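Overview (structure and organization)
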Amino acid sequence: MRIVVLTGAGISAESGVPTFRGPDGLWEGHRVEDVATPEAFERDPETVHAFYDARRAALASVSPNAAHRALARLEGGIGDELLVVTQNVDDLHERAGTRSLVHMHGELRKALCGACGARVPWNGTLADEPPCPACGARMLRPDVVWFGEMPYELERIEQAVISCDMFVAIGTSGEVYPAAGYVALAAAFGAHTVELNLAPSEGVVPFDEVRAGLATEVVPAWVDEVLAHR
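Note that the structure is predicted; figures quoted are calculated from it, not measured. (Residues numbered from 1 in each chain as written. Predicted model: local features only at pLDDT ≥ 70, side-chain atom pairs only at ≥ 80, totals over all residues. Heavy atoms only, no water.)

**Details of the pattern of salt bridges**
This model, assessed by the stated rule, comprises 13 salt bridges. In this structure, the salt-bridge partner of Glu81 is Arg230, at a minimum N-O distance of 3.3 Å. Of this pair, Glu81 sits in the loop between helix H5 (66–78) and strand E2 (82–86) while Arg230 sits in the segment after helix H9 (215–228), placing them 149 residues apart in sequence. For Glu81, a relative accessible area of 26% translates into the label partly exposed. (Salt bridge = Lys/Arg side-chain N within 4 Å of Asp/Glu carboxyl O. Helix = DSSP H or I, 4+ residues; strand = E, 2+ residues; numbered from the N terminus. Buried < 20%, exposed > 50% of the residue type's maximum accessible area, 1.4 Å probe, protein only.)

Structural data, given as structure tokens:
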């Protein structure tokens, strides 16, 4: 059984990672237009770098939770029949042990060079405009997909969703496209669709199965069931 799992902010919230966009529409106190668009970076790179430097540094104080570990356990049981697609820019899936993984919105612990396009591992600050390790240009920015930019590996993701037998969304709002459209795509090609979320999302296309609750509870229970039926 080929399974595609889409994860969003809800899976990392229990690890202490902020869900980023609050009920007031602000991202950790900032307007989206001030920290998450190419125009914001061009207009005020210092503010943008400070914002992402702080979030990158904060990763050191959080750890994978039971939901992340359960998905790694699922991969251990079914191997390359699983693909995890995450909207999150943290590295908690990797640290839990997941290897079959796509970061469609980029990664906090990488930098993107505006000169040569290299994506390089990065743990420190970008505020002092360090040189790119690949080409030497001082044009590094956070390797995070901002509004108005194209997510990574869309073709690979879409092919996986089309060919999967089960599509599972965990901790997602169902509001951010193109990810929000994957349940409809999977359903159109015959996949069984499952939502594991704190509360049911309000997407246009309903899931076949919805389990509401904390990710640290519902995800391990679902993984146990999948592995028991193999």
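**Structural notes on the environment of Val210**
Mapped onto the elements, Val210 comes out in strand E9 (residues 209–212). Remark: the alpha-carbon pair of Val210 and Leu196, spanning 14 residues in sequence, is separated by 6.2 Å. Non-local contacts of Val210, meaning those with residues more than four positions away in its chain, are made with Glu195 and Pro200. (Contact = heavy atoms within 4.5 Å.)

**Here's the deal with the sheet that holds strand E1 (residues 3–7)**
The strands that make up a sheet pair up through hydrogen bonds in the backbone, lying either parallel or antiparallel. Overall, parallel pairing links the 6 strands, which are arranged E3-E2-E1-E7-E8-E9 in an open sheet. Since the sheet does not close on itself, it has two edges, and those belong to strand E3 (101–103) and E9, each with one partner. Each strand axis lies, on average, 15° off the axis of its neighbour in the sheet, ignoring direction. The sheet contacts of H5 involve E1, E2 and strand E7 (166–170), and relative to E2 the element is tilted by about 155°. (Pairing = 2+ DSSP bridges. Axes fitted to C-alpha atoms, helices over the stretch in contact; angles between N-to-C directions.)

**Some thoughts on the side chain of Glu75**
In this fold, Glu75 is placed in helix H5. Lacking a salt bridge, the buried Glu75 has Arg99 as its closest oppositely charged neighbour, with an N-O distance of 6.3 Å. If we skip the residues at most four places from it in the chain, Glu75 touches Leu82, Gly97, Thr98, Arg99 and Ser100. (Lys, Arg positive; Asp, Glu negative; His and termini not counted.)

**Notes on the packing of H5 against H9**
Where H5 meets H9, the axes come as close as 8 Å, and the angle between the chain directions of the two elements is 15°. By the criterion of interaxial angle, the relationship of H5 to H9 is roughly parallel. Crossing hand, H5 versus H9: left-handed. Contact residues: H5 offers Ala66, Ala67, Ala70, Leu71, Arg73, Leu74, Gly77 and Ile78, while H9 offers Ala215, Thr216, Val219, Pro220, Trp222, Val223, Asp224, Val226 and Leu227. Along the lines of polarity and charge, the residues of the contact of H5 with H9 split into 13 nonpolar, 2 polar and 2 charged. (Parallel < 35°, antiparallel > 145°, perpendicular 65-115°, else oblique. Left-handed = near helix turned anticlockwise from the far one by under 90°. Nonpolar A, V, L, I, M, F, W, Y, C, P; charged D, E, K, R; others polar.)

Functional significance is not addressed by these values, which are geometric in nature.
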